[in-house]
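# Notes for the structure review
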Amino acid sequence: MNKTKDFLNLFKHLTIFRVYNLLILYFSFIVSRIFKRPFVLGRPFTVSIEPTTACNLSCPECPSGLKQFTRSTGKLDLEVNRKLLRSIGRQLFYINYYFQGEPFLHTNFLELIKDAKRENIYTSTSTNAHFISKKVAEEIVESGLDRLIISIDGVTQETYEGYRVTGKLQKVIEASKALVEAKKRLHSATPHLIFQFLVVKPNEHEVPKIFDLAKEIGINEVRLKSAQLYEYAKGNPLMPQQEKYARYKKQKNGTYVLKYKTGNHCWRMWSSCVFTWDAKVVPCCFDKDAQYTLGSAVTENFDSLWNSSKYQEFRSNVLTKRNHIDICKNCSEGSKVWL
């Protein structure tokens, strides 16, 4: 499960201009932290773009799967994607074509990837792999997609469907094999294939087995992910027994708290942003229902939006009272300095 090729592929998408933009972004982030006032140089070097909010599964901690959004369901228009690519700028280095929903429910999803690849941008997405046939696997490889995260939260159907409600594990395995075979057939190092295993109480006993399965199929990497739980203070049936797999720790009084230390800062407010399928701009991936919409990349100039008083006010709140922002209360990003 060698990550070196993926790192080298990431590196080759860098340009002098993109490196310069990253450096001035980071400099302005540090200055902002010191003076507790938002100061922004440069533009985002990475963004997430949502292909669609639709999803075929009903995962219990996912508002998309549970159909609990107050915002509308739809799919990203191809021309809107092209407008985003033009407006965000040539400093953009990395696009994650994922926010909520299942990307491959977008009928022209791979056209989004191809448009980004024409701009020499590293592309990634995340999928439940239920719509990847042998033919689609070959089209994915040919599209130039750089990284594909496959959500697989169990190595038996019983365990898998405990979280991926209505999902079929065999479809995920068949899709994974098809992708590995397509890469070999087309002599391609991409996409870098990642098994992402969301560790919850019903599947934590299968953690060692996911590594075995990945090796058997030929998946490049395995990532264990802790679950974001909306109700956790008094415990949750999905919370892993082993604390190393959880975002939360038990206190002496029996209640649970986020185990990461958070602070009044967040690099993501300088380095990146998220676009919903209809081109609304939200601060980060924790704003799943677009509560904190900061503008529209269709009706507004992106530079003006990125430096607007509304965006700066949100950054200011992150720098001074981050723990009062509800979408920040369940996030470990404030304990990090980098992505």
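Residues numbered from 1 in each chain as written. Predicted model: local features only at pLDDT ≥ 70, side-chain atom pairs only at ≥ 80, totals over all residues. Heavy atoms only, no water.

### Things to note about the pattern of salt bridges
Summed over all chains, the structure comprises 15 salt bridges. R82 is paired through a salt bridge with D115; the nearest N and O atoms lie 3.0 Å apart. Residue R82 is located in helix α3 (residues 78-88), and its partner D115 is located in helix α4 (residues 109-117); the two are separated by 33 residues in the primary sequence. For R82, a relative accessible area of 30% puts it in the partly exposed group. (Salt bridge = Lys/Arg side-chain N within 4 Å of Asp/Glu carboxyl O. Helix = DSSP H or I, 4+ residues; strand = E, 2+ residues; numbered from the N terminus. Buried < 20%, exposed > 50% of the residue type's maximum accessible area, 1.4 Å probe, protein only.)

### A word on helix α2 (residues 16-35)
For α2, built from 20 residues, the straight-helix expectation of 28 Å at 1.5 Å per residue is met to within 8% by its first-to-last C-alpha distance of 29 Å. Elements in contact with the buried residues of α2: α9 (268-271), α10 (302-306) and α11 (309-321). Following α2 by one or two positions, K36 has its phi on the positive side, about 55°. (Expected span 1.5 Å × (residues − 1). Contact = heavy atoms within 4.5 Å.)

### As for the environment of K259
Structurally, the position occupied by K259 is in the loop between β8 (256-258) and α9. Looking at K259, the relative accessible area reads 24%, which means it is partly exposed. Residues contacting K259, with those up to four places away along its chain left out, are E243, K244, A246, R247, Y248 and K249. Looking at K259, its side chain comes within polar contact range of the main-chain oxygen of A246, at 2.7 Å. (Polar contact = N/O pair within 3.5 Å; in protein donor to acceptor, adjacent residues only side chain to side chain.)

### Thoughts on the packing of α3 against α4
Their axes nearest at 10 Å, the elements α3 and α4 cross at an angle of 25°. Relative to α4, α3 is oriented roughly parallel. For the crossing formed where α3 meets α4, the hand is right-handed. Only E111, L112, D115 and A116 of α4 make contact with α3, whose side of the interface consists of L78, N81, R82 and L85. Here the residues of the contact of α3 with α4 sort into four nonpolar, one polar and three charged. (Axes fitted to C-alpha atoms, helices over the stretch in contact; angles between N-to-C directions. Parallel < 35°, antiparallel > 145°, perpendicular 65-115°, else oblique. Left-handed = near helix turned anticlockwise from the far one by under 90°. Nonpolar A, V, L, I, M, F, W, Y, C, P; charged D, E, K, R; others polar.)

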